[in-house]
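Notes for the structure review
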Amino acid sequence: MPVERLSVVVTRRLPDSVETRLKELFEVELSAEDAKMSREQLVEAMKRADVLVPCVTDRIDASMLAQAGERLKLIANYGAGVDHIDVSSARQRGVLVANTPGVVTEDTADMTMALILAVTRRIPEGLAHMQSGDWEGWAPTAFMGHRIGGKRLGILGMGRIGQAVARRARAFGMQIHYHNRKKVHPDIEAEFEATYWDSLDQMVSRMDVVSVNCPHTPSTFHLLNARRLQMMKPEAVIVNTSRGEVIDENALTRALRAGELGGAGLDVFEHGAEINPRLRAQKNVVLLPHMGSATVEGRVEMGEKVLINIKTFADGHRPPDLVVPAMV
């Protein structure tokens, strides 16, 4: 592998500063239009690249990797999640996979709190009413929501982002509960005065707000299924800024339409941009276009991690953010 001027293909538009630096360091093919590549286009890109820089919209499976040929050596993902990449198949073919962990933690936690407040305080409903021009002034019972101080927040996935959410929620006076593959360190539990639930069933049935902050893996697919959604309190709110596949979206839609849940705030969806139209119609649902990491600072930092991973690999070393199958 040559040390300099690797051939790099970038699948989507990145911040200008990141693209400029990539161009300075490597032979880079940038995306002229910020449009999702087809499967065929992704395969062709992998055939002509030493390094592919995809993002969450680029699903790369085993059959695509089998067609990539021998040139591709590194997939430097622009993002922390890698559930859209078949990491095991890549490694079997000698292709390394790197990601950008830790960068989006604070931004995603901010968005989680924004969604909790938006749903519980009915902010979009109030905004729509003001924009309609129908507001005639304050009324004692208009747009009444719920305070979040003193409410129980159940965090599903107490990793970096889950802990950042807990930190913010504590500042709002919420009680922190969590379900995780294992208990976090006692010092972390003490910091948040957090209660651990080994049983997800028992936790969700007692929470006022449930926040999804775990990755999408085979074991977390539809972790919040129809049965668990029915366990939740009828006034409870569910927020998801992680991966849409963790929630059974059709079951969630049915529960909301039946009045079996108090509301939902969703930044991610089970089928990407194909959102259940009945979910869109619910007044107690706030839908966002996957904005959790959408800050200038966060997106530039993601690009900087991609640059470091590629440059380290080009210099003959292990990328610092290498992903191995055991991590997925």
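Not measured: the values here are computed from a predicted model. (Residues numbered from 1 in each chain as written. Predicted model: local features only at pLDDT ≥ 70, side-chain atom pairs only at ≥ 80, totals over all residues. Heavy atoms only, no water.)

Quick notes on the packing of helix α5 (residues 105-120) against helix α7 (residues 160-171)
- Their axes nearest at 8 Å, the elements α5 and α7 cross at an angle of 50°. Considering the angle they form, α5 stands oblique to α7. The way α5 lies across α7 gives a crossing that is right-handed. Seen from α5, the contacting residues are T105, E106, T108, A109, D110, T112 and M113; seen from α7, they are R160, I161, A164, V165, R168 and A169.
- In the contact of α5 with α7, the residues fall into 6 nonpolar, 3 polar and 4 charged. (Axes fitted to C-alpha atoms, helices over the stretch in contact; angles between N-to-C directions. Helix = DSSP H or I, 4+ residues; strand = E, 2+ residues; numbered from the N terminus. Parallel < 35°, antiparallel > 145°, perpendicular 65-115°, else oblique. Left-handed = near helix turned anticlockwise from the far one by under 90°. Contact = heavy atoms within 4.5 Å. Nonpolar A, V, L, I, M, F, W, Y, C, P; charged D, E, K, R; others polar.)

Some thoughts on the pattern of salt bridges
- This model, assessed by the stated rule, comprises 21 salt bridges.
- Here D34 makes a salt bridge to R12, at a shortest N to O gap of 2.7 Å. With a gap of 22 residues between them, D34 in the loop between β2 (27-29) and α2 (39-47) and R12 in the loop between β1 (7-10) and α1 (16-25) connect regions that are remote in the sequence.
- Using a relative accessible area of 47% as the deciding quantity, one classes D34 as partly exposed.
- Residue class for R12 comes out buried when judged on its relative accessible area of 18%.
- Salt-bridge contacts for D315 lead to K311; the nearest nitrogen and oxygen are separated by 3.0 Å.
- Owing to a relative accessible area of 32%, K311 belongs among the partly exposed residues under this scheme.
- Linked by salt bridges that have partners in common, R13, D16 and E19 make up one network. (Salt bridge = Lys/Arg side-chain N within 4 Å of Asp/Glu carboxyl O. Buried < 20%, exposed > 50% of the residue type's maximum accessible area, 1.4 Å probe, protein only.)

Structural notes on the packing of α1 against helix α13 (residues 296-314)
- In the contact formed by α1 and α13, the axes pass within 9 Å of each other and the chain directions differ by 15°. On the basis of the axis angle, α1 is roughly parallel to α13. Note on packing geometry: the crossing formed by α1 with α13 is right-handed. Here α1 contributes S17, V18, R21, L22 and L25 to the contact with α13, which in turn contributes V300, G303, L307, I310 and K311.
- Grouping the amino acids of the contact of α1 with α13 by side-chain chemistry returns 6 nonpolar, 2 polar and 2 charged.

The values reported here are purely geometric and, on their own, carry no functional implication.
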